[in-house]
Amino acid sequence: MKLPIRSLVIASAVAFGGPGRAHAHFKLDAPASWANQDSLGTPLKSAPCGQSDPGNPAVATNAVTGLMTGSTVTITVTETVFHPGHYRVALAADQNSLPADPTAHPDMNSACGTADIMTTPVLPVLADNMLAHTTPFSGPQSFQVTLPAGMTCANCTLQVIEFMSNHPLNVPGGCFYHHCANVAISATGADGGCSSGSGANEIGIGCAMLGWLLARRRRSR
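Residues numbered from 1 in each chain as written. Predicted model: local features only at pLDDT ≥ 70, side-chain atom pairs only at ≥ 80, totals over all residues. Heavy atoms only, no water.

Caption draft 1: Quick peek at the confidence of the model for the protein. Model confidence for the protein is summarised by a mean pLDDT of 82, while 76% of its residues fall at 70 or above. Looking at the elements of the protein, mean pLDDT is at its lowest for helix α1 (residues 5-15), recorded as 34, and at its highest for strand β10 (residues 141-146), recorded as 98. Every residue in residues 1-22 scores below 50 in pLDDT, and together they form 13 contacts with partners more than four places removed in sequence or on other chains. Long-range and interchain partners of residues 193-221, a stretch whose pLDDT sits below 50, account for 19 contacts in this model, where long-range means more than four residues apart. (pLDDT = per-residue confidence, 0-100. Helix = DSSP H or I, 4+ residues; strand = E, 2+ residues; numbered from the N terminus. Contact = heavy atoms within 4.5 Å.)

Shown next, in the form of structure tokens:
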């Protein structure tokens, strides 16, 4: 059966990632995500942390990354499905205290033309307009944010969201995708145990040294 020309155009757009494609995704590689992610990064649609995606319930990992107050933290993401856009990072006491997604503005191409950007971030936002891009990345991408000096918490939520321009609205996240990490911020960077996850290198070295000392003590008995 011969398809009408209009149908062929729409089918081609969907197959090759044109205007018909209604999704883009990313994975949070570091710090460790608070929930399991599939190969595309799902769940991540629902604000603030992908916790209530339709048909994709979040499964918590219970991972907590230890970070040092006032330190510089490396955020690493893998964009699994490309769309032009950028990333924002926020920090709050828990998921419910995270800020709302920025306001998005449509343009002639899509419902997601641009989004408000905080050029001078104010807490709870730590950084905005990070990794701004209009072409696909070649692999995982990293950038750094600085934690507030003197701020400590036993189990805070670090949020990384992606704004996607030239993109249809996703349900229920609109123009945004969301990932979060549970973090413990202290003067030493410890997370209450010795599983430093993706925290600072110094934490991992400290844990390794502690393990070596304990093993040596056991052998000497």
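Text resumes after the structure shown.
Caption draft 2: Layout of the sheet that holds strand β6 (residues 85-92). Strands sit in the order β4-β12-β11-β6-β9 across an open sheet of five strands; the sheet is mixed. Bordering the open sheet on either side are β4 (64-68) and β9 (125-133), each of which pairs with just one other strand. Geometrically, the sheet is characterised by an average inter-axis angle of 30 degrees between neighbouring strands, direction not taken into account. For β6 and strand β11 (residues 153-164), the ladder comprises eight bridges, and the chain directions are antiparallel. Paired with His86 across the bridge in β11 is Phe163. (Pairing = 2+ DSSP bridges. Axes fitted to C-alpha atoms, helices over the stretch in contact; angles between N-to-C directions.)

Caption draft 3: Inspection of the nonpolar core at higher detail. Counting residues in each nonpolar core, the largest one holds 25 residues, and the members touching the most others are Ile75, Val77, Val89, Leu91, Val145, Val160 and Val183. Mapped onto this core, the elements with two or more residues apiece are β1 (25-30), β5 (72-81), β6, β9, β10, β11 and β12 (176-186). Examining the composition of this core, we find that five residues originate from one element, β11, more than from any other. Among residues more than four places away in sequence, those in contact with Val77 are Phe26, Lys27, Leu28, Asp29, Tyr87, Leu131, Pro140, Gln141 and Val160. Counting residues in each nonpolar core, the second largest holds seven residues, with Trp34, Ala35, Ala92 and Leu98 among its members. (Core = buried A, V, L, I, M, F, W, Y, C linked by side-chain atoms within 4.5 Å. Buried < 20%, exposed > 50% of the residue type's maximum accessible area, 1.4 Å probe, protein only.)

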